[in-house]
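Chain and residue survey
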Amino acid sequence: MKQSITHIYCVPGLAADISIFEYIKLPESQYKLHVIPWKMPNKGEAIEVYAQRMCKDVVHENCVLLGVSFGGVMAQEMSKFLKIKKLIIVSSVKSNLELPLRMKLAKKTKAYKILPTALVSKIDDWEKLAFGDFAKKRAALYQKYLSLNDKIYLDWAIENMVCWKQETIIPEIVHIHGDKDVVFPIANIKNCIVISGGTHVMIINRARWFNKYLPSIIEGDFVPET
């Protein structure tokens, strides 16, 4: 009897290109990955309305939604309009209560409104701004994967990340988080699968872990390493 395929829809992080999932390789006889690129938001568009537009790219029922960082927030919003098998977030938050203090302060003071997002689109070569070999490698990584630098999108995405209203955690959500994540510190995160040494970009540089364990996480028989 032919085994049915589980379709996995992936949402990248804020401003990230779909290529952040390029190293995720799962058994093709069981899983098929689909990556949903970010769309340009309409002026003043509510995150719920935007999520419904993203849902139009999902054409399979009982699928898996996997979101990274702000993509994890979007995957949660999308899950409210879809029939899914599993909801997985990586390097993200399950509610606004898990946001770091600096983001909570940015919301309260509205400091996010004065970020110079227009300057991002003018940077053609991030490596020219970096000093030292390590910084240059990280700059090259940013330039490769953070390709969506339109000011309209960035302003919208940053505001919706900082001002996310969700307080109630979605039941049965699977949260995978690195203990070295500096964007969303592990100290604020509860009830998650912890990857030792994992950073905010571990979907890229720890892809082997995901390739090894995602199938068991999806099927519900994951056993943490001891």
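It should be noted that the structure appears before, not after, this text.
Residues numbered from 1 in each chain as written. Predicted model: local features only at pLDDT ≥ 70, side-chain atom pairs only at ≥ 80, totals over all residues. Heavy atoms only, no water.

1. Some details on the nonpolar core
Counting 33 residues, the largest nonpolar core has Trp38, Met54, Phe70, Met74, Met78, Val93 and Met161 as the members making the most contacts within it. Only strand S1 (6-11), helix H1 (47-55), strand S3 (63-68), helix H2 (70-79), strand S4 (84-90) and helix H6 (151-162) provide two or more residues apiece to this core. Among residues more than four places away in sequence, those in contact with methionine 161 are Phe70, Val73, Val93, Leu99, Met103 and Phe184. Counting 28 residues, the second largest nonpolar core, distinct from the first, contains Ile8, Phe21, Leu214 and Ile217. (Core = buried A, V, L, I, M, F, W, Y, C linked by side-chain atoms within 4.5 Å. Buried < 20%, exposed > 50% of the residue type's maximum accessible area, 1.4 Å probe, protein only. Helix = DSSP H or I, 4+ residues; strand = E, 2+ residues; numbered from the N terminus. Contact = heavy atoms within 4.5 Å.)

2. Section: a positive patch on the surface
On the surface, a cluster of positive charge is contributed by Lys107, Lys110, Lys113 and Lys165. Mapping lysine 110 onto the fold places it in the loop between helix H3 (101-109) and helix H4 (117-120). Exposure remark for lysine 110: the relative accessible area of 46% places this residue in the partly exposed category. (Patch = residues over 30% accessible without salt bridge, like charges linked within 9 Å, V, L, I, M, F, W, Y side chains within 5 Å. Areas by Shrake-Rupley, 256 points an atom, 1.4 Å probe, with all protein chains shown as cover. Salt bridge = Lys/Arg side-chain N within 4 Å of Asp/Glu carboxyl O. Lys, Arg positive; Asp, Glu negative; His and termini not counted. Charge placed at Lys NZ, Arg CZ, Asp CG, Glu CD.)

3. Examining unusual backbone geometry
Residue alanine 15 is not a glycine yet carries a positive backbone phi of 70 degrees. Topologically, alanine 15 is positioned in the loop between S1 and strand S2 (31-35). Even without being glycine, glutamate 172 reaches a positive phi, approximately 65 degrees. In this fold, glutamate 172 is placed in the loop between H6 and strand S5 (174-178). Owing to a relative accessible area of 75%, glutamate 172 belongs among the exposed residues under this scheme.

4. What about the packing of H2 against H6?
Packing of H2 against H6 leaves a shortest axis separation of 10 Å and a crossing angle of 75 degrees. Between H2 and H6, the angle falls in the class roughly perpendicular. Between H2, through Phe70, Val73 and Met74, and H6, the contact on the second element is made entirely by Tyr153, Trp156, Ala157, Asn160 and Met161. Looking at side-chain class alone, the contact of H2 with H6 contains 7 nonpolar, 1 polar and no charged residues. (Axes fitted to C-alpha atoms, helices over the stretch in contact; angles between N-to-C directions. Parallel < 35°, antiparallel > 145°, perpendicular 65-115°, else oblique. Nonpolar A, V, L, I, M, F, W, Y, C, P; charged D, E, K, R; others polar.)

5. A few points about the packing of H1 against H2
The N-to-C vectors of H1 and H2 enclose an angle of 85 degrees; their axes lie 9 Å apart at closest approach. As summarised for this structure, H1 and H2 are arranged roughly perpendicular, according to the angle between their axes. In contact with Ile47, Glu48, Tyr50, Ala51, Met54 and Cys55 of H1, H2 contributes Phe70, Val73, Met74, Glu77 and Met78. Per-class residue counts for the contact of H1 with H2 are 9 nonpolar, no polar and 2 charged.

6. Looking at the pattern of salt bridges
Close approach of charged atoms allows side chains with opposite charge to pair. Inspection of every chain in the model, using the stated rule, returns 6 salt bridges. Linking lysine 80 and glutamate 77 is a salt bridge whose minimum nitrogen-to-oxygen distance equals 3.3 Å. Overall, lysine 80 belongs to the partly exposed group, its relative accessible area being 47%. Here lysine 94 and glutamate 98 are joined by a salt bridge, their closest N and O atoms 2.9 Å apart. Comparing lysine 94 with glutamate 98 shows no difference in burial state: the two are buried.

7. What about the sheet that holds strand S6 (residues 193-195)?
In sheet architecture, strand pairing relies on hydrogen bonds along the backbone and comes in two forms, parallel and antiparallel. What the 6 strands build is an open sheet, ordered S2-S1-S3-S4-S5-S6; its pairing is parallel. A single partner strand is all that each edge strand has here, and the edge strands are S2 and S6. Here the strands of the sheet are splayed against their neighbours by 20 degrees on average, with no regard to which way each runs. In this structure, S4 lies alongside S5, joined through 3 bridges in parallel fashion. Bridged to valine 90 within S5 is isoleucine 176. This element, H2, spans S1, S3 and S4 of the sheet and lies at about 145 degrees to S3. (Pairing = 2+ DSSP bridges.)

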